[in-house]
Amino acid sequence: MAEHGTDEPSSRTGSPDGEGQASGDRLSLHQRLAVRELIDTELSYLHLLRLCASDIRSRLQQLPQGDLDVLFSNIDDVIEVNSRFLHDLQETTSREEEQVYLIGNLFLEFQEELERVYRVYCASYDQALLLVETYRKEPELQREIQSVIEAVVPQAGPSGLSFLLVIPLQRITKYPLLLQKILENTVPDASAYPVLQRAVSALQDVNTNINEYKRRKEVASKYARVEQLTLRERLARLNTHTLSKKTTRLSQLLKQEAGLVPRTEDKEFDDLEERFHWVSLCVTEMKNNVAVYLDNLEAFLRFRPQECDLDITGGPVPEYCSLMRELQLQAFPRFKQRLEGLVWQPLCTLAKALAGPQNLVRKRLDKLLDFERVEEKLLEVGSVTYEEQEARHTYQALNSLLVAELPQLNRLAVRWLGQILCTFVGLQRDLAQQVLQRAEGSLAQLPHYHLSEPVFWKLVEDTLGQNGHQLRSFQENFEKVLPPPTVQPLLPGAERQVQALLSRYGPEKLYQVTSNVSGAGTLDLTLLRGQVVALLQNKDTKGNSSRWLVDTGGHRGYAPAGKLELYHVISGQEEIKGQEGPHQDSHHLAPEPIPAPVPSLPTVTQAVAVYPFVARSSHEVSLQAGQLVTVLEAQDKKGNPEWSLVEVNEQKGYVPSSFLARAPSPAPWGWSLPS
């Protein structure tokens, strides 16, 4: 026994193989414990998440739905991903020999999904904490929340919601530590060792990317806020620092527009911004159109013809009044209510959702100017201040966030707008069906109700053909008195400005505006129809050939190329008859085509407007094509026959004489279905 006792310790410590075997056993044991810790903690973590999503969230119905959405964020997506992850993790226990290798590969497979769901949750965590702080200021509400949490999760303690909300953040940051623990207890020459190394690095990258995404979101939320400030409040925010920044940005922008410094080109963002601009414009136009539609519908509902005394007894009149009364009281109000709830409100919500990104895109331009100035200084000096470095990081964060999320925002907005349009069409179709169903009895009173559909349509086609012939005859009679078409004439007194542009730039650079232009963007001009401008450059600083740089004689800026046409200068043209001197040495300006002699109109006669005309001063009056006017004077006060004094809609003013023609007197015409 003594000999056996003395030999036993020597057999454990004296042999190198024995020591290596003991060390390997300890590593293997610690590795299994680390794997067991990973699986067990994942199981309990997922159990807590499910309690939050089901029991706790369902019992906090006293909170607004918007608060619940912020508090629990995308916890359902987190549960879905972690449930699949846990299932695959548990399946590795059946293959013990290669379990560690499988765990490393499993983390690599779930790397992108984990980052996708956890970055959204982590980005909204601070906002959730702000809500929790507001609840603590209401003792009664705080007690109700605390009682719900203690009943479901007793271990939460007095921390309550804060304890539960921070759990996903703690879990995603703990994954690299758990993997590192498994890696430390894995021999370097094992096949699982490099896989575990990549998994540890991948999960560290996930946490880094989540932090960066959270920082970008914080910057975006800071600049995306849309504040409705009065002029007094805006002026109160001005100080020397803000004035200095705005002055520097303006200087940088002017140097770029003048071509003194290069502009940072970002084709990817420019394309995304242009698409976002068009999406926003479509939403705004749709909202304006629906608002006008609702106003017209409201006016239509106020008009009640069935309540008027038509002084007609018998016949279809009583049925018509009954039908209109039913539609006015039931069908149309119901349609208006559905239109407001299913089209107008979603459209307003969509427009409001786009306001923040629109503000963010505008802020990006300011930050880009700061970034370019700092980059110039960095190249010249080699160093920048801490504040300037922060400006660089702010721009990079904003730009990265917009490039990453604008495509998805554009897709969602287009899909949302498409659904609203489909709903609008569906509501119109439902209304038409309801009206037809309710009017079924009244249709029998129509004169041609007994005709079959083919015969009825043949009757309609024949009648339309006959009346079309009458319209063509009227058109031929009308065109016989039309003067040749002409471009909008110049404003009285604008000749001097045109002469100045002509002498400075030459006739080949002069263009005339074909329709009114309302400048909306940076350096865009507001121009009137008929105004003459000089072309400086047939593209903007981005190379866009549809936006030209022009000079009005007083201001320089951009105008759409599609609304400009070449203005021809005709030399040696005779003066308008009635003025002295057969010829003038100076050039006479006139748009192409050359107008024919202005037909003189008798004083106080009826005429028809051949073309529409937009009044540009209080001395002029607007016309619509085909509108009947009364000619008071066939010339202006200076005797110039190019302008006529007319009266239309009880308003007097001057219009171009070439836009008028004597009112023809064709044979009476009209159309109606034969009985």
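The structure presented is a predicted model; accordingly, all values stated were derived computationally and were not measured. (Residues numbered from 1 in each chain as written. Predicted model: local features only at pLDDT ≥ 70, side-chain atom pairs only at ≥ 80, totals over all residues. Heavy atoms only, no water.)

## Considerations on the overall build of the chain
Thought 1: Regarding its fold elements, the chain presents 19 helices and 12 strands.
Thought 2: Sorting the 675 residues of the chain into buried and exposed places 36% on the buried side.
Thought 3: For the chain, the share of sequence-separated contacts (at least 6 apart) that also reach a separation of at least 24 residues comes to 68%.
Thought 4: Carbon and sulfur atoms make up 54% of the accessible area of the chain, which amounts to about 40,100 Å² in all. (Helix = DSSP H or I, 4+ residues; strand = E, 2+ residues; numbered from the N terminus. Buried < 20%, exposed > 50% of the residue type's maximum accessible area, 1.4 Å probe, protein only. Contact = heavy atoms within 4.5 Å. Areas by Shrake-Rupley, 256 points an atom, 1.4 Å probe, with all protein chains shown as cover.)

## Remarks on the sheet that holds strand S2 (residues 532–537)
Thought 1: Read across the sheet, five strands follow the order S4-S3-S2-S1-S5 without closing on themselves; strand pairing throughout is antiparallel. The open sheet has two free edges, formed respectively by strand S4 (556–560) and strand S5 (564–566), since each of these has just one partner strand. Strand-to-strand, the axes of this sheet are offset by a mean angle of 50 degrees, without reference to chain direction.
Thought 2: One ladder, built from three bridges, connects strand S1 (residues 510–513) with S2; its direction is antiparallel. Looking at the pairing, Leu-510 lines up with Ala-534 of S2.
Thought 3: Along the sheet, helix H19 (residues 495–505) makes contact with S1, S2, strand S3 (547–551) and S4, crossing S2 at roughly 25 degrees. (Pairing = 2+ DSSP bridges. Axes fitted to C-alpha atoms, helices over the stretch in contact; angles between N-to-C directions.)

## Structural notes on the packing of aromatic side chains
Two aromatic rings are characterised by how far apart their centres lie and by the angle between their planes.
Thought 1: Enumeration according to the criterion identifies 13 aromatic pairs in this entry.
Thought 2: An angle of 70 degrees between the planes, with centres 6.5 Å apart, marks the rings of Tyr-293 and Phe-335 as edge-to-face. Separated by 42 residues along the polypeptide, Tyr-293 in helix H14 (residues 267–302) and Phe-335 in helix H15 (residues 317–381) bring together distant segments of the chain.
Thought 3: Residue classification places Tyr-293 among the partly exposed positions, given a relative accessible area of 27%.
Thought 4: Taking the relative accessible area as the measure of exposure, Phe-335 reaches 5% and is therefore buried.
Thought 5: Ring centres of Tyr-611 and Phe-659 lie 5.5 Å apart, and the angle between their planes is 75 degrees; this geometry places the pair in the edge-to-face category. Placement of the pair is Tyr-611 in the loop between strand S8 (605–609) and strand S9 (628–633) and Phe-659 in the loop between strand S11 (651–656) and strand S12 (660–662), with a sequence separation of 48 residues. (Phe/Tyr/Trp six-rings, centres within 6.5 Å; stacked < 30°, edge-to-face > 60°.)

## Some points on the side chain of Asn-640
Thought 1: Examined against the element boundaries, Asn-640 turns out to sit in the loop between S9 and strand S10 (643–648).
Thought 2: Only 3.1 Å separates the side chain of Asn-640 from the backbone nitrogen of Glu-642, close enough to count as a polar contact. (Polar contact = N/O pair within 3.5 Å; in protein donor to acceptor, adjacent residues only side chain to side chain.)

## Considerations on the pairing of S3
Thought 1: Sheet analysis places S2 next to S3, joined by three bridges and oriented antiparallel. Looking at S3, one finds that Leu-535 is bridged to Val-550.
Thought 2: Sheet topology places S3 next to S4; five bridges connect them, and they run antiparallel. Bridge assignment links Leu-549 to a residue of S4, and that residue is Tyr-558.
Thought 3: Hairpin connection between S3 and S4: a loop of four residues separates the two successive antiparallel strands, and Gly-553 in this loop has a positive phi of roughly 100 degrees.

## Quick notes on unusual backbone geometry
Thought 1: In this structure, Ser-73 is a non-glycine residue whose phi angle is positive, near 45 degrees.
Thought 2: In this fold, Ser-73 is placed in the loop between helix H3 (65–72) and helix H4 (75–91).

## A word on the packing of H14 against helix H16 (residues 386–438)
Thought 1: Where H14 contacts H16, the two axes come as close as 9 Å, and the packing angle between them is 25 degrees. Classified by the angle between their axes, H14 and H16 sit roughly parallel to one another. With respect to the hand of their crossing, H14 and H16 are arranged in left-handed fashion.
Thought 2: Its residues placed into classes, the contact of H14 with H16 shows 19 nonpolar, three polar and two charged. (Parallel < 35°, antiparallel > 145°, perpendicular 65-115°, else oblique. Left-handed = near helix turned anticlockwise from the far one by under 90°. Nonpolar A, V, L, I, M, F, W, Y, C, P; charged D, E, K, R; others polar.)

## A word on the sheet that holds S9
The strands making up a sheet associate through hydrogen bonds between their backbones, and the pairing can be parallel or antiparallel.
Thought 1: Here five strands make up an open sheet; going across it, the order is S11-S10-S9-S8-S12 and the pairing antiparallel. Lying at the two open borders of the sheet, with one neighbouring strand each, are S11 and S12. The mean angle between the axes of side-by-side strands here comes to 50 degrees, regardless of whether they run parallel or antiparallel.
Thought 2: One ladder, built from four bridges, connects S8 with S9; its direction is antiparallel. What sits directly across from Val-608, in S9, is Leu-628.

## Side note on the confidence of the model for the chain
Thought 1: Of all residues in the chain, 83% have pLDDT values of 70 or greater, and the mean over the chain is 81.
Thought 2: Low confidence marks residues 572–601, where pLDDT is under 50. Its contacts with residues over four positions away, or in another chain, come to 48 contacts. (pLDDT = per-residue confidence, 0-100.)

## Remarks on the environment of Phe-163
Thought 1: Within the fold, Phe-163 resides in helix H9 (residues 161–165).
Thought 2: When the C-alpha positions of Phe-163 and Ile-149 are compared, they lie 10.0 Å apart, and in sequence the two are 14 residues distant.

## Thoughts on the pattern of salt bridges
Thought 1: With the rule as written, the count across this model stands at 25 salt bridges.
Thought 2: Each of Glu-80, Arg-84, Glu-113 and Arg-116 takes part in a single network of salt bridges with overlapping partners. (Salt bridge = Lys/Arg side-chain N within 4 Å of Asp/Glu carboxyl O.)

## Let's talk about H3
Thought 1: Residues of H3 that are buried include every one of Asp-67, Leu-68, Val-70, Leu-71 and Phe-72, and no others.
Thought 2: Just downstream of H3, Ser-73 is the residue with a positive phi angle, here 45 degrees.

## Quick word on the nonpolar core
Thought 1: Among the nonpolar cores identified, the biggest contains 67 residues, and Ile-56, Leu-71, Phe-107, Tyr-118 and Tyr-175 are the most heavily contacted of them.
Thought 2: Ranked by residue count, the leading element in this core is helix H2 (residues 16–59), at 12 residues.
Thought 3: Setting aside anything within four residues of it in sequence, one finds Ile-56 in contact with Leu-51, Phe-72, Val-148, Ile-149, Val-152, Val-153 and Leu-164.
Thought 4: Counting 35 residues, the second-largest nonpolar core is a separate cluster that includes Leu-272, Val-279, Leu-323 and Leu-360. (Core = buried A, V, L, I, M, F, W, Y, C linked by side-chain atoms within 4.5 Å.)

## A short note on helix H8 (residues 139–152)
Thought 1: Taking 1.5 Å per residue as the helical rise, H8 with its 14 residues ought to reach 20 Å, and the 20 Å between its terminal C-alpha atoms agrees with that figure.
Thought 2: Those residues of H8 that sit buried are Leu-141, Ile-145, Gln-146, Val-148, Ile-149 and Val-152. The arc that holds the buried residues of H8, viewed along the axis, is 160 degrees, so those residues lie on one side. In H8, those exposed residues whose orientation departs by more than 90 degrees from the buried face are Glu-140, Arg-143 and Ala-151. (Expected span 1.5 Å × (residues − 1). Arc of directions from axis to C-beta.)

## Quick notes on the pairing of S8
Thought 1: Of the strand pairs in this sheet, S8 and S12 are connected by three bridges, and their pairing is antiparallel. Looking at the pairing, Ala-607 lines up with Arg-662 of S12.

## Some points on the packing of H3 against helix H7 (residues 125–136)
Between two packed helices, both the angle of their axes relative to each other and the distance between the axes serve to describe the pair.
Thought 1: Taken N-terminus to C-terminus, the directions of H3 and H7 make an angle of 125 degrees; their axes are 8 Å apart at the nearest point. In terms of orientation, H3 lies oblique with respect to H7. Pair H3 / H7 crosses with left-handed handedness. Along the contact surface, H3 presents Asp-67, Val-70 and Leu-71, while H7 presents Gln-127, Ala-128, Leu-131, Val-132 and Tyr-135.
Thought 2: Considering only residue class, the contact of H3 with H7 consists of six nonpolar, one polar and one charged.

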